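The residues making up each chain are set out below.
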Amino acid sequence: MTEGLEAILADPAGAVIGCDFDGTLAPIVPDPEAARIHPDGPKALTRLGELVGSLVIITGRPAATAVEYGSLAEVPGLVVLGHYGLERWEGGELSTPPPHPGLVTVRSELPTLIAGIAGVRVEDKGRAVAVHTRQAASPQGALNELTGPIAELAAETGLAVEPGKFVLELRPPGTDKGMALKDFLAERSARSVLFAGDDLGDLAAFETVRTCGLPGVTVFSGSAELSVEADIVVDGPAGVVELLDSISDAIASR
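All figures in this text were calculated on a predicted structure; none of them were measured in a lab. (Residues numbered from 1 in each chain as written. Predicted model: local features only at pLDDT ≥ 70, side-chain atom pairs only at ≥ 80, totals over all residues. Heavy atoms only, no water.)

Engineer: Before we move on, can you summarise helix α7 (residues 203-211) with the specific residues and values?
Structural biologist: One turn of the α-helix equals 3.6 residues, which is why residues spaced by three or four share an orientation. Those residues of α7 that sit buried are Ala-205, Phe-206, Thr-208 and Val-209. Mapping the buried residues of α7 onto a view down its axis gives an arc of 155 degrees, with all of them on the same face. Structurally, α7 contributes buried residues whose contacts are with α6 (177-187), β10 (192-197) and β11 (216-221). At the C-terminal side of α7, Gly-213 shows a positive phi close to 90 degrees. (Buried < 20%, exposed > 50% of the residue type's maximum accessible area, 1.4 Å probe, protein only. Helix = DSSP H or I, 4+ residues; strand = E, 2+ residues; numbered from the N terminus. Arc of directions from axis to C-beta. Contact = heavy atoms within 4.5 Å.)

See the structure below:
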């Protein structure tokens, strides 16, 4: 057992348990709008939320979308930080900043930029826009072809590019999952932390866990598409849910 996990079990009231959504709680699917949480996820989160100090989901999705796709509205004490921390959903209330003005240009120019690459699709998240190549004939080839032009478009519009598994997301600069998690830990006066993620955007949160000075655990929701060093590696969302259940079991037995 890692030091961080022991600290969570010994003092659950001081623990912050954080998770990404897509690929961590919800299986990756070709159409992002069809993503839904693992069937056992809401029950596992509800049980854990009653046992630990704080439960937070940090996602690139709009916060309200994660709540809907995750059936999370009734999870006790849950906070959902959407758009890498720009949005916050808590207790049914959503707080959100105005959209970045550069997104208007991005929406108008992206269709021309991706024209001719079959299978590439654009996901408009409201306060960010993502380009997915997973359904292209060569997902990695399409990603490589688009990386430069999308970086140029981001620079022109004052946006940041967040790369992921067969996705490039243009989003407002100034925050990431690591910063969002760091601020949340301070807000909750956390005494330990666990964060589970599956993609490149989660690495900043993993770094926060490692450098925040608290006993911590990083959990990688493994897949064949990416290999990441973490304290615990599980087999996708099913493995994450199983781990959350095991933490609840261990807390309840003490």
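Back to the write-up after that little detour.
Engineer: So, the nonpolar core: which residues are in play, and what are the values?
Structural biologist: Counting residues in each nonpolar core, the largest one holds 35 residues, and the members touching the most others are Leu-25, Leu-45 and Ile-247. Take this core: its biggest share by element is five residues, from helix α8 (residues 236-252). Setting aside anything within four residues of it in sequence, one finds Leu-25 in contact with Cys-19, Asp-20, Ile-37, His-38, Leu-45, Ile-57, Pro-237, Val-240 and Leu-244. Counting residues in each nonpolar core, the second largest holds 19 residues, with Phe-184, Leu-185, Val-209 and Ala-230 among its members. (Core = buried A, V, L, I, M, F, W, Y, C linked by side-chain atoms within 4.5 Å.)

Engineer: Please give an account of the pattern of salt bridges that cites residues and values.
Structural biologist: Between side chains of opposite charge, a pair can form when the charged atoms approach closely. In the structure shown here, the tally under the stated rule is 17 salt bridges. Between Arg-47 and Asp-249 there is a salt bridge, and its shortest N-O distance comes to 2.6 Å. Placement of the pair is Arg-47 in helix α2 (residues 41-49) and Asp-249 in helix α8, with a sequence separation of 202 residues. Residue class for Arg-47 comes out partly exposed when judged on its relative accessible area of 30%. For Glu-187, the salt bridge goes to Arg-88, with nearest N and O atoms at 2.8 Å. Placement of Glu-187 in helix α6 and of Arg-88 in strand β4 (residues 87-90) is noted, with a sequence separation of 99 residues between them. For Glu-187, a relative accessible area of 40% puts it in the partly exposed group. Exposure remark for Arg-88: the relative accessible area of 22% places this residue in the partly exposed category. Ionic contacts of the salt-bridge type, sharing partners, join the residues Arg-88, Glu-90, Glu-187 and Arg-188 into one network. (Salt bridge = Lys/Arg side-chain N within 4 Å of Asp/Glu carboxyl O.)

Engineer: An account of the pairing of β11 is requested, with residue identities and associated values reported.
Structural biologist: In regular strands, side chains alternate between the two faces of the sheet. With five of six residues buried, β11 lies mostly within the body of the structure. Here β10 runs beside β11; their pairing, made up of five bridges, is parallel. Bridge pairing links Phe-195 to Thr-218 in β11. In terms of handedness, the path from β10 via α7 over to β11 forms a crossover that is right-handed. As judged from the three bridges shared by β11 and strand β12 (residues 232-234), these two strands associate in the parallel manner. In the strand pairing of β12, Phe-220 is matched with Val-233. (Pairing = 2+ DSSP bridges. Right-handed = clockwise from strand over helix to strand, strands pointing away.)

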